[in-house]
Amino acid sequence: MCCTKNVPDVSPTVCEIIAPAISPGHTVIVLVQNGLNIEKPFLRRFPSNIILSGVSRIDAHEVAPGIIEQRQKDILYVGAFENCLIPYEEQQKAAQHFAKIYSAGLKTNCSYKPNVRYDRWVKLVNNASFNPICALTGLTTGELQRTSGAVDNLLIPAMKEIISVAEADGYSLPGVIIKETIQSNPPEEDISPSMLVDIQKVC
């Protein structure tokens, strides 16, 4: 189960790191990472293994060095990345099984999603808009929304572009998703998205 930040251009790659632990045709690899096409290097390196997609919704923040505060319950959507070398039913059963064992402790909410790529696009409406804009401006999600013109001229156009790209990829996202995504980041809360945190740590 890979929960690291997805940094495919950095060596050693996750594929290289986990390779000693992978038994061909047996080990199931779960990628709980953001992004699109993150499965491709794994499908190339481990063609006989099932690879699952995990889309995490967890409100966690590093409030001090090494101190993580989790404010909401862990929500995870799980499905299978399509591997044409493995029967479809076998891949879906693995995703269902993982969702079951991940939820067994009753402290998490893990749902099996046969079309989990849709959920990746939904999350990207938030991540691919707030994250880079906050990183580039140096503003938190709240500060960004309280800045005159930022929502209408930066945030909403970015979200519309993401929805258009999703549409071109075959995934139709509802128009209300823009309003819902903005509302999920209340303007009175100064949340620092991960890209902004990265910038702050190196500056």
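What you are looking at is a predicted structure, and each value in this text was computed from that prediction instead of being measured.

Quick notes on the rules
Residues numbered from 1 in each chain as written. Predicted model: local features only at pLDDT ≥ 70, side-chain atom pairs only at ≥ 80, totals over all residues. Heavy atoms only, no water. Helix = DSSP H or I, 4+ residues; strand = E, 2+ residues; numbered from the N terminus. Buried < 20%, exposed > 50% of the residue type's maximum accessible area, 1.4 Å probe, protein only. Contact = heavy atoms within 4.5 Å. 1 Å grid on protein atoms, 1.4 Å probe; cavity = no way out; pocket = protein on both sides within 12 Å on 5 of 7 lines; lining within 4 Å. Points joined across faces, edges and corners; volume = space filled by probe spheres on them. Nonpolar A, V, L, I, M, F, W, Y, C, P; charged D, E, K, R; others polar. Axes fitted to C-alpha atoms, helices over the stretch in contact; angles between N-to-C directions. Left-handed = near helix turned anticlockwise from the far one by under 90°. Pairing = 2+ DSSP bridges.

Remarks on the environment of Ser-103
Thought 1: Considering the arrangement of structural elements, one finds Ser-103 in the loop between α3 (88-102) and β6 (108-112).
Thought 2: Under the relative-accessibility criterion, Ser-103 is labelled buried at 17%.
Thought 3: With 55 residues separating them along the chain, Ser-103 and Ser-48 place their C-alpha atoms 26 Å apart.
Thought 4: For Ser-103, the residues in contact, after removing those within four places along its chain, are Thr-108, Asn-109 and Cys-110.

Observations regarding the layout of surface pockets
Thought 1: There is about 280 Å³ of room inside the second largest pocket.
Thought 2: Residue lining of the second largest pocket: 17 residues in total, with Pro-8, Thr-13, Val-14, Cys-15 and Phe-42 positioned closest to the centre.
Thought 3: For the lining of the second largest pocket, the secondary-structure elements that each account for two or more residues are α1 (14-18) and α2 (40-45).
Thought 4: When grouped by side-chain class, the residues that make up the lining of the second largest pocket number 12 nonpolar, three polar and two charged.

Details of empty space enclosed by the protein
One water molecule sets the probe size; rolling that probe over the atoms shows where empty space is left.
Thought 1: A complete count under the given rule lists one cavity of 30 Å³ or more for this structure.
Thought 2: Put simply, the largest cavity is a space of about 40 Å³.
Thought 3: Looking at the largest cavity, the residues that line it are Asn-34, Gly-35, Val-55, Arg-120, Lys-123, Leu-124 and Asn-127.
Thought 4: Per element, the largest residue contribution to the lining of the largest cavity is four residues, and it comes from helix α4 (residues 116-137).
Thought 5: Within the lining of the largest cavity, the residues separate by chemical class into two nonpolar, three polar and two charged.

A few points about the packing of α4 against helix α6 (residues 150-168)
Helix packing geometry: the angle between the two helix axes and the distance between the axes.
Thought 1: Two numbers describe how α4 lies on α6: the axes approach to 9 Å, and their chain directions differ by 145°. For α4 against α6, the interelement crossing comes out right-handed. Contacts between α4 and α6 involve Trp-121, Leu-124, Val-125, Ala-128, Ser-129, Phe-130 and Ile-133 on the former and, on the latter, Leu-154, Leu-155, Ala-158, Met-159, Ile-162, Ile-163, Val-165 and Ala-166.
Thought 2: Class assignment of the residues belonging to the contact of α4 with α6 gives a composition of 14 nonpolar, one polar and no charged.

What about the sheet that holds strand β2 (residues 51-57)?
Thought 1: Read across the sheet, four strands follow the order β1-β2-β5-β6 without closing on themselves; strand pairing throughout is mixed. The strands lining the two open edges of the sheet, one partner per strand, are β1 (29-31) and β6. Across the sheet, the mean angle separating the axes of adjacent strands is 25° when strand polarity is ignored.
Thought 2: The pairing of strand β5 (residues 74-80) with β6 spans five bridges and is parallel. When the sheet's bridge partners are listed, Tyr-77 is paired in β6 with Ser-111.
Thought 3: Against the sheet, α3 touches β1, β2, β5 and β6, its axis set at about 165° to β5.

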